[in-house]
Each structure stands twice: as structure tokens, then as C-alpha cells.
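Descriptive structure summary
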Amino acid sequence: MKCITGKYGWLLAIGCWLLAVSCSSDSSGEQQRSTGSPLQIMPYIAAYQSNDALSRSAVSAGYTEYTPAHDIVIGLYVLKNGEPVDNTVKLISYSNHDWHSQTTVENGVSYTIYGFMPKKEPISSSISKSGDVATLTLSNIGTVCADDICFITGVKDSDGDLDQGQFGYTGKTSGNFIRLLLDHLFASVKFNFTVDTDYSKLRTIKLKSLKLMTSSAPMTATITLTPNTTDAYPATVEFISQGGESTPATFFESTEGEQIPTTTTSFVCCFAPSASSTLSLVTTYDVYDSKGNLIRKNCEATNKLPDLEAQRGWQVTLNLKVAPTYLYQLSEPDLDNPTITIN
């Protein structure tokens, strides 16, 4: 071993030196190329207009800080220095109670930023520009959706005012936090479930799933975004039917079931305004007796909803009560298969 070291040690030393120089060179080159820092976001979402408001508007008023209730991905188009549109969607995801970004921006470089959420199948997207006006196209959108589909109506530096209509951002060496203003593509319906107090003494109802159905076909949404510096609302939205069959939106699902209390429990689902008159709610539930025995499993009730007459950005509230008919004291089967009424 001593002999080998003495004979070849100088070669080994030179090899290590060359390797060190090579690694140092690669690291330096990587540092030189890495001129940006991650783009972080602070999203704000437009408030829904209540269905019982005295004055309704298709445009929601006011933005509040948005924290997703579940994992979600926002798709961004980050256009650099007015270059031709790059239809590559950058992703910023939310998981483990935090936002995660691999999208970087460079110090001093000017960008325009557009986008939407959630970025998920089967929705596809593209963007085009004519001068300062951008057109964001979202395709393969079901007319009923468990997700609240939104698009960006403004991009602001974390130190700036919270204004709509501004999509420009200049990169920094670090601390690239921007506020995204998001508006709703659809209307939404809020279902308030309760169980009749007298009936709850006899039976327990546990929800297994809620589905919103419609006969309306999937659509393409064309969103035209015109920038301004006056805080004016920048978007116009056009929906075009793509044809084909609709798919139900499952917006609640539980294997064990969630008990409906005598006080209100609420669930929300979104729908295209054009589908307002064709909506049905499909409810699956289990029925237990007063001793906790499962007596009816996977009961299903379908309720045709009234015409909600909602516009984009509105939220309609429907109150649903689970109760037997007036014959419940005489009819045991009626107790085991209650009706669901909507008002």
C-alpha cells in the first residue's frame, strides 16, 4: 500500500485538485446563471354577492385574503419584457398549510402575470395578447363544479394598493411577494341542511354524498383582460358551449357519513349561470334509529332545484330540511325513508 501511494500519490492529488476546480467552476457558473428568486403569492378572493342583496351586480365587491380549505394549484402565465406569449403554465401549489413555488423572477425584469385556479384536469388553458389586452381561454369546464374556479383580475406588489386592472410586476433580488386578486368564474349555491327537531328524536340522518347535476354541456370560457390604472374592473367573460354530456359534481363525500344536526350545516357547490334552471341535487344518506342501529343504508333522494337565476359572482342560499310527512306517526316506512324539502 505504501509503495502504491508513493508511486501514484501525485496523480491522485492532481485528480482531486482538478475535480475541486471543476466543482468550483460548475457551482460558480450555476450561481451566475441563477439570477432570480422564487415568486411567492398572497392571494385575495372576491366576495360573493349574496342572493338576498337589495342591489345585485355581476361583479363581486371587495376582496378578502384567501386560504384554501384543501390542496390546490394556481396556474400562472408569467410573460417577460413584452416578449411573444409563452403558453407554458407556471405552477404555485398549496399543501401542508403553505404555498410552494418553483417559479422564479429576475431582478429588474418587467413581467405581466395572468392566471387561474385550480389548475387541474380536465380544464385546459391558453393565453394570447393584442397590445396590452390579454385573452385567457379556459376549456373543458363542466357547468357544475365542486371547485370554485377563479381568474386573476389584478397583480400587486406586496407594498402597493390592492387595485384591480394592473397585471405588471418588476422582479426583485429577493422577497418577490405579490398579491393576486381573484374573481369567480361561476355562481355558487349554498345548501343549508337541518333535521326536523321532532324527527331527530326518532331517527339520525348521516350524509354520505352530495352531487349537483345539470343537463347543460361543458363549456369554454373566454376571459378578456384590459389593464387600467383606475381600479376599474378589467374583465369581460364569454361562455360558449362545447357540446357533449355533462358530468355531476360531487362536492361532499364521506364513507362513514356526517350527521345532520338540528342546527344548520352548510355545503357549497359552483355552477355556470346558464345552468341555473337545470340543476338537481342528489343526496345519499344513511338512516339510524334512536338506539344507533343502521336501518337504511345508502338512501338516495333527487331534488330538482328551482331556477336560481344567478349571475357570475352571486351566491344563492337554499335551506333544506329532512323531515317525515304528516303520516310519520302511523307509517314506520316513512320514518325510514324521509323526504327532503327545499325552501
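Our structure is the block above this text.
Structural notes, computed from the coordinates.

Rules of the game
- Residues numbered from 1 in each chain as written.
- Predicted model: local features only at pLDDT ≥ 70, side-chain atom pairs only at ≥ 80, totals over all residues.
- Heavy atoms only, no water.
- Core = buried A, V, L, I, M, F, W, Y, C linked by side-chain atoms within 4.5 Å.
- Buried < 20%, exposed > 50% of the residue type's maximum accessible area, 1.4 Å probe, protein only.
- Helix = DSSP H or I, 4+ residues; strand = E, 2+ residues; numbered from the N terminus.
- Pairing = 2+ DSSP bridges.
- Axes fitted to C-alpha atoms, helices over the stretch in contact; angles between N-to-C directions.

Ranked by internal contacts, the top residues of the largest apolar core, which has 46 residues, are L76, I113, L138, I141, L185 and F186. At 6 residues, strand β4 (residues 72–80) tops the list of elements feeding residues into this core.

A few words now on the sheet that holds strand β16 (residues 203–213). Paired through their backbone hydrogen bonds, the strands of a sheet run either parallel or antiparallel. As summarised here, the arrangement of the 4 strands in space is β19-β16-β21-β22, forming an open sheet in which the pairing is antiparallel. Strands at the two margins of the open sheet, each flanked by one partner only, are β19 (249–259) and β22 (294–304). With strand direction ignored, the average angle separating the axes of adjacent strands in the sheet is 15°. In terms of strand pairing, strand β21 (residues 280–289) meets β22 through 8 bridges, oriented antiparallel. If you follow T284 over to β22, its bridge partner there is E300.

Secondary-structure assignment places I205 in strand β16. Taking the C-alpha atoms as reference points, I205 and I260, separated by 55 residues in sequence, lie 5.9 Å from one another.

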